[in-house]
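# Chains, contacts and geometry: an overview
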Amino acid sequence: FDHAKSKDSYAKAEDFGVAEAVVLLGQNFFIYDTDEFTRQYFKEELGLNLNESVDVRLPERAVPRPATPPYTGYGTWEDSLGSVHSLMPKPPKRDMVKLFAKAGQILRFTAQFHSPKPEDQDRLFVVNFHLFDDTVSIHEPPQRNLGIVTGRFLEKGIH
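Residues numbered from 1 in each chain as written. Predicted model: local features only at pLDDT ≥ 70, side-chain atom pairs only at ≥ 80, totals over all residues. Heavy atoms only, no water.

## Description of the overall build of the protein
Inclusion rule: Put simply, DSSP marks the helices as runs of H or I at least four residues long and the strands as runs of E at least two long, and each gets a number from the N terminus on. Radius of gyration here uses only the C-alpha atoms, and the compact-globule reference equals 2.2 Å multiplied by the residue count raised to the power 0.38. The contact rule is simple, with two residues in contact once any of their heavy atoms fall within 4.5 Å. For every accessible area listed, the method is Shrake-Rupley and the probe measures 1.4 Å; residues are considered covered only by the protein chains on display.
On a plain count of helices and strands, the protein comes out with three helices and six strands. Along the protein, helices (α) and strands (β) appear in the sequence β-β-α-α-α-β-β-β-β when read from the amino end. Expected size for 159 residues packed as a compact globule is a radius of gyration near 15 Å; at 36 Å, the protein overshoots this value by more than 25%. Summarising its shape, the C-alpha atoms of the protein cover approximately 115 × 40 × 30 Å along the three principal directions. For the protein, the share of sequence-separated contacts (at least 6 apart) that also reach a separation of at least 24 residues comes to 26%. Working note: accessible area of the protein is about 14,100 Å², and carbon and sulfur atoms make up 57% of it.

Right, dumping it as structure tokens:
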């Protein structure tokens, strides 16, 4: 037993403590926290109060994000944004839950020009807001003796 070690070379419970470093097998270990049972054991059996736990989390790093280029005017805004994120853009995903939950629900409002010209004072419009896809359309219902071609005023889309 030439390689017998003395009792002092072995680790004992008293060698461990919160917010302290301990060397085991030639490696340094930093003990930053312990559970409640271990704290109770150290207090009752060994008569030692352990230090408070140490926060060892790394701070969040803010990754710089380049500015989003302006809307190109082709397709929808989501289409243009998709071309920013990848070279082969995929069509934007639709909110299927909203699509089925709000299917067929349309908010309708009647409207007129805010400060109309004299010939536009009698014109009425119907503004439709489609809840399932957040699009707006405006049409002008037919009126007799108006002298203006009625119908679609603003095509359905995200405006």
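## Brief notes about the side chain of Glu140
Heads up, the condition is: The buried label goes to any residue with under 20% of its type's maximum accessible area, the exposed label to any with over 50%, and the partly exposed label to all in between, with areas taken from a 1.4 Å probe on protein chains only. Contacts described as polar in this section are N or O atom pairs within 3.5 Å, which, within protein, must combine one atom able to donate a hydrogen with one able to accept it, while residues neighboring in sequence count only if both atoms come from side chains.
Here Glu140 lies in strand E5 (residues 135-140). Its relative accessible area of 2% is what places Glu140 among the buried residues. Here Arg123 takes part through its side chain, which lies 2.8 Å from a polar atom of the side chain of Glu140. Apart from residues no more than four positions distant in its own chain, Glu140 is found in contact with Arg123, Leu124, Phe125, Leu146, Val149, Thr150 and Gly151.

## So, the layout of surface pockets
The probe, sized like a water molecule, is rolled over the atoms to show the empty space still left. The test is simple: Site definitions follow a grid-based scheme: protein atoms alone, a 1 Å grid, a 1.4 Å probe that fits but cannot get out for cavities, and for pockets an open set with protein on both sides within 12 Å along at least five of seven lines, plus lining residues having an atom within 4 Å of a point. Grid points are joined across faces, edges and corners, and a volume is the space filled by probe spheres set on the points. Residues are sorted three ways: Asp, Glu, Lys and Arg are charged, Ala, Val, Leu, Ile, Met, Phe, Trp, Tyr, Cys and Pro are nonpolar, and all the rest, Gly among them, are polar.
By volume, the largest pocket amounts to about 470 Å³. In terms of lining residues, the largest pocket is bounded by 17 residues, among which Thr76, Glu78, Arg94, Asp133 and Ile158 are the most central. Class assignment of the residues belonging to the lining of the largest pocket gives a composition of six nonpolar, four polar and seven charged.

## Brief notes about the environment of Val23
Tracing the sequence through the fold places Val23 in strand E1 (residues 20-24). Put simply, Val23 and Ala11 are 12 residues apart on the chain and 8.9 Å apart in space, counted from C-alpha to C-alpha.

## Points about a nonpolar patch on the surface
Note the cut-off: Exposure above 30% relative accessible area and the lack of any salt bridge qualify a residue for a patch; like charges then connect within 9 Å, and the nonpolar side chains Val, Leu, Ile, Met, Phe, Trp and Tyr within 5 Å. One speaks of a salt bridge when a side-chain nitrogen belonging to Lys or Arg is within 4 Å of a carboxyl oxygen belonging to Asp or Glu.
On the surface, a cluster of nonpolar side chains totalling about 290 Å² of accessible area is made up of Phe30, Tyr32 and Val56. Relative to the assigned elements, Val56 resides in the loop between helix H1 (36-44) and helix H2 (77-85). Judged by its relative accessible area of 42%, Val56 is partly exposed.

## A short note on the side chain of Asn128
Locating Asn128 in the fold gives a position in strand E4 (residues 125-130). Judged by its relative accessible area of 8%, Asn128 falls in the buried class. If sequence neighbours within four positions are ignored, Asn128 has contacts with Ile106, Leu107, Arg108, Thr135, Val136, Ser137 and His139.

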